[in-house]
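Descriptive analysis of the structure
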Amino acid sequence: MNISYNWLKDYLPLEMNPPEVASALTSIGLETGTVEEIQAIKGGLEGLVTGEVLTCEKHPDSDHLHLTTVNTGTGEPLRIVCGAPNVAAGQKVIVATVGAVLYDGDKEIKIKKSKIRGQESFGMICAEDEIGIGSDHSGIIVLPADTPVGMPAKEYYKIENDYILEVDITPNRVDGSSHFGVARDLAAYLKQAGKPSDLKRPSVDGFKIEDLTSPAISVEVKNPEACIRYSGITIKGVTVGESPDWIKNRLTMIGLRPINNVVDVTNYVLHELGQPLHAFDAGKIKGNKVVVTTMPEGTKFITLDGTERILTNQDLMICNIDEPMCIGGVFGGLDSGVTENTKDVFLESACFNPAWIRKTARRFGLNTDSSFRFERGLDPNQTIYVLKRAALMIQEIAGGTITGDIQDLYPVRIEPFGVDITYKKINTLIGKEIPVETIKSILTSLEMEITSETPDGLSIRVPVYRYDVRRDVDVVEDILRIYGYNNIELSDHVRSTLSYQAATDKSYKLENLISEQLCGAGFHEILNNSLTRSAYYNELTTFPAANCVMLMNPLSTDLNAMRQTLLFGGLQSAAFNIKRKNKNIRFFEFGNCYTYKEEDKKEDDALSVYREDYHLGLWISGNRTENNWAHPDEKISVYELKAHIENILLRLGMDMEKMIWENFSNDIYSSGISIASPSGRTLGTFGIVGRQLLKMMDIENEVYFAELSWSALMKEVKKLRVTFEDIPKFPEVKRDLALLVDKNITFADIKKTARDSERKLLKDVVLFDVYEGKNLTPNKKSYAVSFYLQDKEKTLNDKQIDAIMSKIRKNLEDKLGAQLR
């Protein structure tokens, strides 16, 4: 939010310069970024002075130029050639001296010594538009006869540069979202710093109702839950036109565009006092009645920007007796606002329920100055004061008569919030013993009323506008920020309570270990948003949409649910890279996934339906090697992904021989494999991502995806025990078999059969070739398999080896129908 330094001084006499003010605001919680100097007139009229034309003669070589001598108070009069038709001797004028810079938009014009038609000229006598104080170019500026000579033009015109402070308002500090709110906090700071300054609140003593006989606009609130308070006043006979310069300048300084005097007053008061206002054309309020209510679902409404919006029955509307006129607290309507033809104005000052405004603003994607404040919570007790302030300003610059009583509907009055606090807690939380009188002084400067006092503490009433102060710790925070964080001395001793969780620490270490392993294998780590689009799950049975954890107030439909799987975030990242010619993808991600299951609900545990699980996802696509002189291009396959998964499991200490691998397919994988521990716990899945999902993500390449449950893996790792054994002293023996089997037989079947045949001496079974094609019986394939045998106690002899291999062959023939080639 932009805060004008000069505007701030209307409420608080400041001896600090703008950077010092910015530093003070930051120290009390209103973090201030940049401080930018803004010139009211570009160039600041530097190098321009008042002068007196001593002589004026016609130029000998021109019909319209004049030769003048001008006294600028610097001694020798200046010779200036002037082309203005109204220049004459004896006039007081504005002179741009040599070296001065004038501006025509962004174009700089530097005044130089020059010759015009053979005559030397040492400056320029200026017109209004040439120095930026007006638009008249019919002639030079003629000042009053008593104007002193040699006065800088910026002093004559009282040009005062301003400074804009960019203040970042946190969501809990809506009380600081106005110039007066900032001044109020700054006054508390100055009082604590020993520089008390009187805070000047804009006066409304001049407010009076001038016409009680004419009928005023009446108000009816049909939804008191959404509209906490609604106040309004009618002003008749206004003249809508351009605002005076002082209002336009102030609005322009903080980045607002002036519209007309009535609307500009509402914007001015909003940024002055933090209370949004809305001005209606009273002539367009049908039935002379304002109704605050909701409209039926599907009602169409055109807002001020010309956009047609479809209302819900949860959108609070300001209506007349026939139709809606404004989205309450968010945005005005196209046909009810003030225009140059408006004669009568109905001025609204209201307080709306923050939750209602926030939901409506998000639903329509609108973020206005009004909604920004309403959705954070405003003080309903100030609506009348602000209404009077705005009405007086409208009368001052637009005329008009305040007609009829103030309409004010406030069914349930909001009282200041009571908080009890002890000195012991204040000093414990702050870490320093602060004098009681200092505490009381700070609370009083923050407009917190002390209702009672005991030797141990205070009872206070917190102003309604401080929505963020509801607990004793909130009060302590306020005391500390005004007292000054820098005033709390740091102790030489550190007091802390350290806790150590071995399981969490081990999981973190293993996560780093696997991350390094994957990076070493050419992977890149990605980090996607846990929020995702629920529409991804609409057609899935593996991850049903009903199991999504939905957000109550999503920022958009693209971020309206918590992810159930890492899959879609990785596919989005893959699509982003592929579209930018990076087709060879190797990604991994660690992240939480979330599910909602109604069947898990327990009466005594509201959170039982929710589950959070930590996952590891891997994505590969494209070529394994590419543009390599020593190796032809080779596409990545799902078997490479399987190798990476096996390496991860091995690195975690899993016994690969005991893992359970099962083939399957579903709406995620066109062909997939599930991985389970020996106890049957599912550890993850991997496979080829289905074409339908790839098409939805606009990906043409084949993508292979794996998702492992890191939480489940850590439970398995917890069971592992590290064992050591001697390196075998006796050699292993290798025997190869070429087996002809049916096409439906897998290598896993062969491996299992061989293991069942010899459990003690068979150390490993390795597939080194697969052949399908000519010279084979139809529906057959050939596996070339190596069998490794080893005895830890002695060297195997041929008789033992042949016996084992005969047993393996026989079982392969009997159970799988295998034949030796």
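The rules we used
Residues numbered from 1 in each chain as written. Predicted model: local features only at pLDDT ≥ 70, side-chain atom pairs only at ≥ 80, totals over all residues. Heavy atoms only, no water. Core = buried A, V, L, I, M, F, W, Y, C linked by side-chain atoms within 4.5 Å. Buried < 20%, exposed > 50% of the residue type's maximum accessible area, 1.4 Å probe, protein only. Contact = heavy atoms within 4.5 Å. Pairing = 2+ DSSP bridges. Helix = DSSP H or I, 4+ residues; strand = E, 2+ residues; numbered from the N terminus. Axes fitted to C-alpha atoms, helices over the stretch in contact; angles between N-to-C directions. 1 Å grid on protein atoms, 1.4 Å probe; cavity = no way out; pocket = protein on both sides within 12 Å on 5 of 7 lines; lining within 4 Å. Points joined across faces, edges and corners; volume = space filled by probe spheres on them. Nonpolar A, V, L, I, M, F, W, Y, C, P; charged D, E, K, R; others polar. Disulfide = S-S within 2.5 Å. Polar contact = N/O pair within 3.5 Å; in protein donor to acceptor, adjacent residues only side chain to side chain. Salt bridge = Lys/Arg side-chain N within 4 Å of Asp/Glu carboxyl O. Phe/Tyr/Trp six-rings, centres within 6.5 Å; stacked < 30°, edge-to-face > 60°. Lys NZ or Arg CZ within 6 Å of the ring centre and 35° of its normal. Expected span 1.5 Å × (residues − 1).

**Regarding the nonpolar core**
- One finds Leu14, Val21, Leu25, Leu186 and Ile479 to be the most contacted residues of the largest nonpolar core, which totals 79 residues.
- Sequence-distant contacts of Leu25, defined by excluding residues within four places in its chain, comprise Leu30, Glu31, Thr32, Leu165, Val167, Val182 and Leu186.
- Residues Ile217, Ile285, Ile318 and Ile327 belong to the second largest nonpolar core, which totals 33 residues.

**Notes on the sheet that holds strand E42 (residues 819-820)**
- In space, the four strands of this open sheet follow the order E40-E41-E39-E42, with antiparallel pairing throughout. Only two strands of the sheet have a single partner each, and these edge strands are strand E40 (762-771) and E42.
- In terms of strand pairing, strand E39 (residues 733-742) meets E42 through two bridges, oriented antiparallel. For Leu740, the partnering residue across the bridge sits in E42 and is Gln819.
- Contacting E39, E40 and strand E41 (780-789), helix H19 (residues 747-757) crosses the sheet at an angle of about 150° to E40.

**A closer look at the pairing of strand E32 (residues 610-621)**
- Here strand E31 (residues 585-596) pairs with E32 via twelve bridges, running antiparallel. Paired with Tyr596 across the bridge in E32 is Tyr610.
- In this structure, E32 lies alongside strand E38 (residues 703-709), joined through seven bridges in antiparallel fashion. Opposite Ser621, over in E38, you have Val703 as the bridge partner.

**Overview of the layout of surface pockets**
- If you add up the space inside the largest pocket, you get close to 1,600 Å³.
- What lines the largest pocket is a set of 38 residues, and nearest its centre among them are Lys642, Trp661, Phe747, Ala748 and Lys751.
- The biggest single contributor to the lining of the largest pocket is H19, with seven residues.
- Looking at the lining of the largest pocket residue by residue, the class counts come to 19 nonpolar, five polar and 14 charged.

**Some words on the sheet that holds strand E23 (residues 401-409)**
- Pairing in this open sheet of four strands is antiparallel, and the strands run E15-E22-E14-E23 from one edge to the other. Whereas interior strands pair on both sides, the edge strands pair on one side only; in this sheet they are strand E15 (277-281) and E23. Ignoring which end each strand starts from, the neighbouring axes of this sheet average 20° apart.
- Note: E15 against strand E22 (residues 344-352), five bridges, orientation antiparallel. Directly across from His278, in E22, lies its bridge partner Glu348.
- This element, helix H10 (residues 383-398), spans strand E14 (227-236), E15, E22 and E23 of the sheet and lies at about 155° to E22.

**Here's the deal with the state of the cysteines**
- On inspection of all chains with the given rule, the structure shows zero disulfides.
- Cysteine Cys519 shares no disulfide, and the gap to the nearest cysteine sulfur, in Cys593, comes to 20 Å.
- Since its relative accessible area comes to 42%, Cys519 is described here as partly exposed.
- With no disulfide of its own, Cys548 has Cys593 as its nearest cysteine by sulfur position, at a separation of 11 Å.

**Looking at the packing of helix H5 (residues 179-192) against helix H13 (residues 472-483)**
- One way to put it is that H5 packs onto H13 with a least axis distance of 9 Å and a crossing angle of 65°. Of the residues in H13, those touching H5 at Asp185, Ala188, Tyr189 and Gln192 are Arg481, Ile482 and Tyr483.
- Residue composition of the contact of H5 with H13, grouped by class: four nonpolar, one polar and two charged.

**Focus on the side chain of Ser121**
- Secondary-structure assignment places Ser121 in strand E10 (residues 119-121).
- Within the structure, Ser121 has its side chain in polar contact with the backbone oxygen of Gly123 (distance 3.3 Å).

**Notes on the pattern of salt bridges**
- Tallied over the full model, the rule gives 47 salt bridges.
- Of the charged contacts in the structure, one is a salt bridge between Lys751 and Glu657, with a shortest N-O distance of 3.7 Å. One end of the pair, Lys751, is in helix H19; the other, Glu657, is in the loop between helix H16 (638-651) and strand E35 (660-664), with 94 residues separating them in the sequence.
- Owing to a relative accessible area of 23%, Lys751 belongs among the partly exposed residues under this scheme.
- Among the charged side chains, a salt-bridge network with shared partners connects Arg173, Asp175, Asp185, Arg466, Asp468, Asp478 and Arg481.

**Considering the pairing of strand E3 (residues 48-58)**
- Examined bridge by bridge, E3 and strand E6 (residues 92-97) share five bridges and lie antiparallel to one another. The residue of E6 that forms the bridge with Leu48 is Ala96.
- Here six bridges tie E3 to strand E4 (residues 66-71), and the two strands are oriented antiparallel to one another. When the sheet's bridge partners are listed, Thr55 is paired in E4 with Thr69.

**Description of the environment of Ile233**
- Along the chain, Ile233 falls in strand E14.
- When the C-alpha atoms of Ile233 and Ile321 are compared, they prove to be 18 Å apart, with 88 residues separating the residues in sequence.
- When sequence neighbours within four positions are dropped, the list of residues in contact with Ile233 reads Val345, Phe346, Leu347, Leu387, Ile402, Thr403, Gly404, Asp405 and Ile406.

**Overview of the packing of aromatic side chains**
- Scanning the entire structure with this criterion turns up 17 aromatic pairs.
- Each ring, one from Tyr536 and one from Phe568, has its centre 4.7 Å from the other, and the planes form 15°; the classification is stacked. With Tyr536 in the loop between strand E28 (531-532) and strand E29 (549-550) and Phe568 in helix H15 (residues 567-578), this pair connects stretches of sequence that are 32 residues apart. We note that Tyr536, like Phe568, is buried.
- For the pair Phe590 and Tyr614, a centre-to-centre distance of 6.1 Å together with 25° between the ring planes defines the contact as stacked. Here Tyr614 lies in strand E32 and Phe590 lies in strand E31, a separation of 24 residues in the sequence.
- On the basis of relative accessibility, which here comes to 6%, the residue Phe590 falls in the buried class.
- Residue Tyr614 is classed as partly exposed on the basis of its relative accessible area of 22%.
- The structure contains a cluster of three or more aromatic residues connected by ring pairs, namely Phe588, Phe590, Tyr614 and Trp710.
- Between the NZ or CZ atom of Arg470 and the centre of the ring of Phe417, over which it lies, the distance is 4.8 Å.

**So, empty space enclosed by the protein**
- By the definition in use, this model includes one cavity of 30 Å³ or more.
- For the largest cavity, the calculated volume is near 50 Å³.
- If you trace the largest cavity, you find it lined by Asp175, Arg184, Asp185, Ser445, Leu446, Tyr465 and Arg466.
- Residues of the lining of the largest cavity, tallied by class, amount to two nonpolar, one polar and four charged.

**Examining H5**
- Between its terminal C-alpha atoms H5 stretches 20 Å, which fits the 20 Å expected from 14 residues at 1.5 Å a residue.
- A large share of H5 lies buried, amounting to eleven of its 14 residues.
- When H5 is considered as a whole, its buried residues turn out to be His179, Phe180, Gly181, Val182, Ala183, Arg184, Asp185, Leu186, Ala187, Ala188 and Leu190.
- Looking at the buried residues of H5, the elements they touch are strand E1 (2-4), helix H1 (5-8), helix H2 (18-27), helix H7 (261-273), helix H12 (436-445) and H13.
- Backbone geometry just after H5 places Gly194 at a positive phi near 80°.

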